[in-house]
Structure formats: C-alpha cells, structure tokens
Amino acid sequence: MGLYFPEPLGETGYRDLSLAPVCVPPPRAGGICGWEVGSLKPKYNRHSGLGVVPWELGLRSSSRADFSPDPPGGPGKYTVRVATGDLFLAGSPNLVQLWLVGEHGEADLGKQLRPVWGKEEEFEIDVPLHLGRLLMVKLRKHKVLLSLDWFCKWISVQGPGTQGEAFFPCYRWVQGHRIICLPEGTARTLSDDPQNLFKKYREQELEERRKVYRWGSWKNGLILPIAGNRQLDLPRDEQFLEDKDLDFSVSLAKAWKDMAIKGTLDIINCVKGLEDFKKIFPRGKTALAERVHDSWKNDAFFGYQFLNGANPMLLRRSSRLPARLVLPPGMEDLKTQLEKELQSGSLFEVDFSLLDGVKPNVIIFKQQYVAAPLVMLKLQPDGRLLPMVIQLQPPRHGCPPPLLFLPSDPPMAWLLAKIWVQSSDFQLHQLQSHLLRGHLIAEVIAVATMRSLPSLHPIYKLLIPHFRYTMAINTLARSRLVSECGIFDLVVSTGSGGHVDILQRATACLTYRSLCPPDDLADRGLLGVKSSLYGQDAIRLWGIISRYVEGMVGLFYKSDQAVKDDLELQAWCREMTETGLQTAQDRGFPISLESRAQLCHFVTMGTFTCTGQHASNHLGQLDWYSWILNGPCTMRKPPPISKDVTEKDIVDSLPNLHQARMQKTVTDFLGRRQPVMVALGQHEEKYFSGPEPQAVLRQFREALAAMDKEIEVRNAVLDLPYEYLRPSMIENSVTI
C-alpha cells in the first residue's frame, strides 16, 4: 500500500499554492512528508507543461546551509519509464500524473500517461530546476467517468541526480484519486536516514496500513488471522489477481460438477471389497500414487511414509518406552525386542495422543469415529522403518489394557490397525502440520510485517515476495474448508468442532524450535538418519535460505547494536509473538531481537515457513491420498476390540463411496500442480535497488539451482524419489 495524501486541487495540483509541498531534508523539517509551508507563495513556471516548486522559495524555518552546497542534480532532461502489470485488467483509462521529488524540491510532470496493461510507457521531460538526488516519485490517478484501478509494477527515472537509473518499486494496485508516494528502492533502516528524510513517510505508511491490515479473530485459542470473512474483505493487494482467480474458480467449478455427476451414482453403488475403491482412483494419477495403490499394505511402505510421506512431522526417536504402552502378560518377547531397539538407538515412535478425547463428527445422522494411536517402529540397517506394534487408544483408568496389534497378527487385523493409523495421520497432517504450521503461521508473519515494517525496510523487502496470495487462500480455507458446513464438517471424522479442538491443542504446544528444521530434527532425533530424505533436504534448504538472509542482513546491519536499536524491527517482532501468535514467548518465540544472528534465525524461520515448510506438507497430498485407503478422511466404525477381522469389517469402517469421492475431489483440486506458480526465489519483483542486494539474490538462486540438480540426480537412482523440497517445485509463498 502506498502512502496517500489529501486530494489536491487546482492548476498546480494543490488547493492553495501557499500549501504546495516543498521537499526539505533537514531533521527539524520532519522529513519528506513533513513538508514545511512557505510564508511566500512560490512561483509557478510553465515549461513544456511542467509545474515546478523551487526549493529556494517558501521556506519558513530552513536556511541554505541545511542543504548540500553542491546539489548533484541540476536542471536537465529526465527519462521516465512506467511499467504496468501484465494482466488484462491491470491497465486503466485514467490519466496518471507524476511528480519527481528530490532533496531540494519537487517537479510536477503533469498528466503524462494513460496506463496500458503489459506495457512500459517511456517519455522524456525537461525539468528547469535543481531537484538534487531523487528520493521518491509521487503519482495520482485522475478522475474520469469510468475509474478503474491500475496495477503499477515500477517506475524508473534517469537524469540529473539519479546516478544512472533510479528505481521506484510499486507492485500494487493504485486505487482512488489520492496522491501516492513511491520511495526510491534502496532499503533503509531508521538509522540509515540520519536527516529523517523518510521518517514521516514511514510513520504515515504504517498508519495507513494498520487501518486496512487489521487482526481478526476466528476461534478462541488460535493464532490471529487477517480480518475479513471473504476474499473481497481483504486489501486489494492481497486478493487473487485475475489469472489465479480464474484458474481457482474454473477448476473448483469443474471439480464440483464432476462430483455432482459421478457422486449421484455413488449413493446407490455399494463397496463390497477393498479393490472397489478403484472406481474413484483418478485416471491422471501420479506415478507415486500408482505405487501407493500397489504397495499400501506393505509394512516397509507404511513406515516409509513417516520419514518421507505427506506428513514427516510426527516421527521421533524414542528415549524411553512410552508410558502409555502397557504390555499385557504374555508379551515379554515384545518388551525384550523393544528394549533392544531402544538401547541401540533404532527405536522410533509416532504418537497421536493429540487426538485423544476429540469429539468425532456425525455425518448424515451417522456417527463417525476417531482414534489416538501409538506406533512403535524400528529402523533397519538398510534404512527401512518397520512397525513393531500398534496401540489404537491410550489406556483408561479402571479398564483393561488396550489391545496391541502386531505384524504377526491375522493379516486383516493388522491391516485394519494400520488403516486406523493412516486415518489419524490424515487428521493431524491436514490440521496441525499443513493448516497450522504451513498456512496460519505464514499468515501471522505476513500480517505482522504489513503492520510493522514500512516498504523501505530491508526485512520488509526481503519477506514481501513470500506473502503473495497467503491471506487470500487462508480466508478461503476458513470460509469453505474448515468453516461451519464446510468440507471438514461434510466428510471428515474430526469435523463439526473436533477440528477446531485439534487446532487449539496443536497451537498450545507449537514451539519456535519446531518451526526450525535444525532444531526440530535434532529434538526428534532424526539428524543423521540417512533414509530421512525430508530431513536431509530440509536441512540443506534451511542452510541455503539462512545464507541468503545473512547476506541481506549483513548489508544493512553492521553490528548487534544496530539490530537492538531498530525500533521498527523490535515492534515487528513483538507484533508477531505477542499479538499474532497470542503471547507465544513461553514457547520460545522471541519478543525482541538482540543480535544479527538472532535476527537471521528469525527471518530464516519466516522464509522457510512460507516456502519449504508448506511445500513439504502440501505437495504430497496427490501422491499419498489419491488411493483413499492409504489416508481415509473418516472411519465409520469404532476401533476394533478383537483381532477377528474380515475384509467386510474393514470396508464397513472405511468412508463410503460418496465420502471417498468427496475426499478424492478435494485432494485432486488442492493437490494439483498450480499453473500460476512462482518457484522459490524466482519472483520477478525487484524490491531492492543497488547491485549488492541483487548479487545476494543471484547467489541464492544459484544455490537453489545447484540443490535442485543434485536432488534430480539423487532421485534418478532411488526406488521412491523425494521431490517435495526440490526448489523448482516449492512455491515462493503459500498460495493453495
């Protein structure tokens, strides 16, 4: 969002020439936006339609000594280029008026252009006064009978005082008819502006932003979202552009049309065997989805998914036998095996206790069921992770120990136990790992940034490419996916309130360390596990992002003290932890930043969350959930209390064909590769001016390309390739 000024009137662009702004840089002048008002009415010159306000006139409390004695930018010819967005609706029929603002004055360039989508407009103009170094461009879209918003990408100016070409990034919608300021693209902290040239601009920009980027409230006990119930409630800059909006709307309409046509037959068709679910297995399935269909019953394949599947966030190395694992008499051999694996460091566990006590859904008057399993697994020397025992529910006081399922049990009993685990994993994957850790945390980072950091700030410029469409897709999720009568209520066993309970529980135990792969993987005992491809790639990607952030931070913060003294940065940190995350400092999130290292770690966490974290939990859905039996969204029978299980018992427990088709439809829609996609680090927007930031970005892209190539080479010899953290497949922001 740009900074808006009151609408000007009159020939010079102001209601009264005595109020015409004069750009004055001295500290006591209050900066570029703290205009000093002249006691004398300045002259108005006409030179090729150019209105000028000389800096020599109209200064009430400044002297010539306040300015550099030899201004670098004298009178001369300026070349101005204005770039409009590429989409059809990016242009506008309204004339746009521009001003050049320098250290010593400003020049009104008049109504010079009518923006046309996809084009760069260029014109030359003579400016007969000393502007000095160019600091910003002001623009105003004039009224006509039809007033349309204009998407301005950037403005560049070449001429006296620009030292080459001055670049003024915009990349946002210009709405209404007020004046907007675009500062030159050099990033500046408060300390980089000793004369307070931009102080007033920064303050007013944040004041305007806080009016439109307001914290909302969805459910008690959850982190805060952006205010708004619909996409149209959001700031225009956060809404889908027309290509994304068209793809989303058309694809969704097609999905529901297919669902309506084919789903009608599902109501009268019945499933008699497990293979009958092939009726809804997608034709355009991925190679890995086909492999899932063929191998889903295999124990090694079951264990592999906790390492590298859709949800690799739950597995951890056991430090002791879980207290909930009650071994009844007659299972001494199992206890010996478990203790042996524990001593050798090869015992792992996946505990779904977060689901214990969650109220299950009732769908079309039929009760659904939820379990809270525990899985114990052993890591083989060849890297395979094999299940040893499954407990479907925690023990209850005064009740017999819960049944334990073993690989040696009757095949149908063991298979049903694994299906229950996969259904439980579906719940925590979609709600804890994907929605909370991927989507909602990214939204908090985005909103806090928009409310606390001005567009001149280097951390704003560093993070802003990673917020594209995040608020829009999250608003759609809250209104359609996890809302009342949304998808979760219709087909998922934790819908109708259980899903909110899970999110509240997951939020209460969300830690800062868990969002940082080096810490998270260390805490879960997965560092050095060679078969954890997710772990290897996450550490590698984190390192690349960390070096990128360190490179940028090093350009603007030369000491730890500079970080401590940055009041905007400290306000941003507090806004995120105390407000957005709802006082999360007791879970390790910082409320202040005391060093460059701490700042880099915090920004790396934010960047990874908006990119790699989301990708690792989003991209696998189409592969692992297309075959419904590998991750059923609901269970229609309670967990078994005996091992006398038939195939019919399993079929009766699984979603019916209608529920399964609904799950498949949503999975196909959300899990498909996005046609409107920007890969990590490949954004075209240029927020930083100057060669040094561009060099850091170039090194980042080179490191990502090298990692991408190495993963391609590695995957070529793997039986099961892992691609979810391949840089070319990671979106630059959370968009779906």
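Residues numbered from 1 in each chain as written. Predicted model: local features only at pLDDT ≥ 70, side-chain atom pairs only at ≥ 80, totals over all residues. Heavy atoms only, no water.

### Digging into the sheet that holds strand S6 (residues 120–127)
So, point 1. Reading across the sheet, the four strands line up as S6-S3-S8-S9 and stay open at both edges, with antiparallel pairing between neighbours. Bordering the open sheet on either side are S6 and strand S9 (165–174), each of which pairs with just one other strand. With direction set aside, neighbouring strand axes in the sheet form an average angle of 20°. (Pairing = 2+ DSSP bridges. Helix = DSSP H or I, 4+ residues; strand = E, 2+ residues; numbered from the N terminus. Axes fitted to C-alpha atoms, helices over the stretch in contact; angles between N-to-C directions.)

### Considerations on the layout of surface pockets
Gaps left between atoms show up when a probe the size of a water molecule is rolled over them.
So, point 1. Volume-wise, the largest pocket comes out at about 850 Å³.
So, point 2. Residues belonging to the lining of the largest pocket are distributed by class as follows: 23 nonpolar, seven polar and 11 charged. (1 Å grid on protein atoms, 1.4 Å probe; cavity = no way out; pocket = protein on both sides within 12 Å on 5 of 7 lines; lining within 4 Å. Points joined across faces, edges and corners; volume = space filled by probe spheres on them. Nonpolar A, V, L, I, M, F, W, Y, C, P; charged D, E, K, R; others polar.)

### Here's the deal with the confidence of the model for the protein
The predicted coordinates ought not to be read in detail in places where the model reports low pLDDT.
So, point 1. With 89% of its residues at a pLDDT of 70 or more, the protein shows a mean pLDDT of 88.
So, point 2. Residue range residues 1–71 is modelled with pLDDT below 50. Its contacts to residues more than four positions away, or to other chains, number 165 contacts. (pLDDT = per-residue confidence, 0-100. Contact = heavy atoms within 4.5 Å.)

### Side note on the packing of helix H6 (residues 411–452) against helix H14 (residues 567–580)
So, point 1. Following both chains from N to C, one finds H6 and H14 inclined at 140°, their axes separated by 9 Å at the closest point. The angle between the axes of H6 and H14 places the two elements in the oblique class. For H6 against H14, the interelement crossing comes out right-handed. Two secondary-structure elements touch here, H6 through Val444, Ile445, Ala448, Thr449, Arg451 and Ser452 and H14 through Glu568, Ala571, Trp572, Glu575, Met576 and Gly580. (Parallel < 35°, antiparallel > 145°, perpendicular 65-115°, else oblique. Left-handed = near helix turned anticlockwise from the far one by under 90°.)

### Concerning the sheet that holds strand S11 (residues 316–317)
So, point 1. The strand order S11-S12-S15-S16-S17 describes an open sheet built from five strands, whose pairing is antiparallel. The open sheet has two free edges, formed respectively by S11 and strand S17 (404–405), since each of these has just one partner strand.
So, point 2. Where strand S12 (residues 347–351) and strand S15 (residues 374–379) come together, five bridges link them in antiparallel fashion. If you follow phenylalanine 348 over to S15, its bridge partner there is leucine 377.
So, point 3. Sitting on the sheet, H6 touches S15, strand S16 (385–391) and S17, and the angle it makes with S16 is about 90°.

### A word on the nonpolar core
So, point 1. Counting residues in each nonpolar core, the largest one holds 167 residues, and the members touching the most others are Ile459, Trp572 and Leu599.
So, point 2. With 22 residues, H6 is the single largest residue contributor to this core.
So, point 3. Apart from the residues within four sequence positions on either side, leucine 599 is in contact with Ile459, Val553, Tyr557, Val563, Leu569, Trp572 and Leu593.
So, point 4. Listed in part, the 27 residues of the second largest apolar core include Val80, Val96, Trp150 and Ile180. (Core = buried A, V, L, I, M, F, W, Y, C linked by side-chain atoms within 4.5 Å. Buried < 20%, exposed > 50% of the residue type's maximum accessible area, 1.4 Å probe, protein only.)

### Observations concerning helix H3 (residues 287–295)
So, point 1. Among the residues of H3, those classed as buried are Leu288, Ala289, Val292, His293 and Ser295.
So, point 2. The inward-facing, buried residues of H3 contact helix H4 (299–308) and helix H16 (621–625).

### Concerning the side chain of histidine 499
So, point 1. Relative to the assigned elements, histidine 499 resides in helix H10 (residues 498–508).
So, point 2. Taking relative accessible area as the criterion, histidine 499 reaches 3% and is therefore assigned buried.
So, point 3. Residues in contact with histidine 499, not counting those within four places in the same chain, are Leu431, Val482, Phe488, Asp489 and Thr494.

### Describing the pairing of strand S4 (residues 96–102)
So, point 1. For S4, the buried fraction is high: seven of the seven residues fall into the buried class.
So, point 2. Side-chain alternation along S4 places Val96, Leu98, Leu100 and Gly102 on one buried face and Gln97, Trp99 and Val101 on a second face that is also buried.
So, point 3. In this sheet, strand S5 (residues 105–113) lies alongside S4 in antiparallel orientation, the contact comprising seven bridges. Bridged to valine 96 within S5 is leucine 113.
So, point 4. Hairpin connection, S4 to S5: the antiparallel pair is bridged by two residues.
So, point 5. Alignment of S4 against strand S7 (residues 134–141), held across seven bridges, turns out to be antiparallel. Considered in S7, the bridge of glycine 102 is made with leucine 134.

### Describing the pattern of salt bridges
So, point 1. Scanning the entire structure with this criterion turns up 36 salt bridges.
So, point 2. As a salt-bridge pair, arginine 672 and aspartate 247 come within 3.0 Å of each other at their nearest N and O atoms. Of this pair, arginine 672 sits in the loop between helix H18 (657–671) and helix H19 (691–715) while aspartate 247 sits in helix H2 (residues 242–268); the two residues are 425 residues apart in sequence, bridging distant segments of the chain.
So, point 3. Residue aspartate 247 is classed as buried on the basis of its relative accessible area of 15%. (Salt bridge = Lys/Arg side-chain N within 4 Å of Asp/Glu carboxyl O.)

### Some remarks on unusual backbone geometry
So, point 1. Positive phi outside glycine occurs at tyrosine 171, with the angle close to 55°.
So, point 2. Here tyrosine 171 shows up in strand S9.
So, point 3. Taking the relative accessible area as the measure of exposure, tyrosine 171 reaches 12% and is therefore buried.
So, point 4. Of note, the phi angle at isoleucine 364 is positive, near 50°, even though the residue is not glycine.

### So, the side chain of lysine 461
So, point 1. Note on placement: lysine 461 falls in helix H7 (residues 458–463).
So, point 2. Buried charge without a partner: lysine 461 forms no salt bridge, and the closest opposite charge is glutamate 184, 7.7 Å away.
So, point 3. Within the local environment of lysine 461, its side chain forms a polar contact with the backbone oxygen of glycine 185, the two atoms lying 3.2 Å apart. (Lys, Arg positive; Asp, Glu negative; His and termini not counted. Polar contact = N/O pair within 3.5 Å; in protein donor to acceptor, adjacent residues only side chain to side chain.)

### Regarding the packing of aromatic side chains
So, point 1. Applying the stated criterion across every chain yields a total of 20 aromatic pairs.
So, point 2. Relative to phenylalanine 306, the ring of phenylalanine 302 lies with its centre 5.4 Å away and its plane at 85°, an arrangement referred to as edge-to-face. Here the residue phenylalanine 302 and the residue phenylalanine 306 both occupy positions in helix H4, the gap between them amounting to four residues, near one helical turn.
So, point 3. The class of phenylalanine 306 is buried, set by a relative accessible area of 2%.
So, point 4. Taking NZ or CZ as reference, lysine 138 lies 5.3 Å from the ring centre of tryptophan 99, over its face.
So, point 5. Sitting above the plane of the tryptophan 173 ring, arginine 236 keeps its charged end 3.7 Å from the centroid. (Phe/Tyr/Trp six-rings, centres within 6.5 Å; stacked < 30°, edge-to-face > 60°. Lys NZ or Arg CZ within 6 Å of the ring centre and 35° of its normal.)

### A short note on a nonpolar patch on the surface
So, point 1. Taken together, the side chains of Phe88, Leu89, Val116 and Trp117 present a nonpolar region at the surface, about 410 Å² in accessible area.
So, point 2. Mapped onto the fold, leucine 89 is located in the loop between strand S3 (76–84) and S4. (Patch = residues over 30% accessible without salt bridge, like charges linked within 9 Å, V, L, I, M, F, W, Y side chains within 5 Å. Areas by Shrake-Rupley, 256 points an atom, 1.4 Å probe, with all protein chains shown as cover.)

### Topic: helix H8 (residues 470–481)
So, point 1. Most of H8 is tucked away, with nine of its 12 residues classed as buried.
So, point 2. Turning to H8, its buried residues are Thr470, Met471, Ala472, Ile473, Asn474, Thr475, Leu476, Ala477 and Arg478.

### Side note on the packing of helix H12 (residues 533–556) against H19
So, point 1. At a closest axis distance of 9 Å, the pairing of H12 and H19 adopts a crossing angle of 170°. Our classification of the angle between H12 and H19 gives roughly antiparallel. Here Leu533, Gln536, Asp537, Arg540, Leu541, Ile544, Ile545, Tyr548, Gly551, Met552, Leu555 and Phe556 of H12 come into contact with H19, specifically with Glu692, Pro693, Val696, Leu697, Phe700, Ala703, Leu704, Ala706, Met707, Glu710, Ile711 and Arg714.
So, point 2. Among the residues forming the contact of H12 with H19, the class breakdown is 17 nonpolar, two polar and five charged.

### Brief notes about the environment of lysine 138
So, point 1. Along the chain, the position of lysine 138 falls in strand S7.
So, point 2. Expressed as a C-alpha distance, the spacing of lysine 138 and isoleucine 179, which sit 41 residues apart in the sequence, is 6.4 Å.
So, point 3. Within the local environment of lysine 138, its side chain forms a polar contact with the side chain of glutamate 106, the two groups lying 3.3 Å apart.

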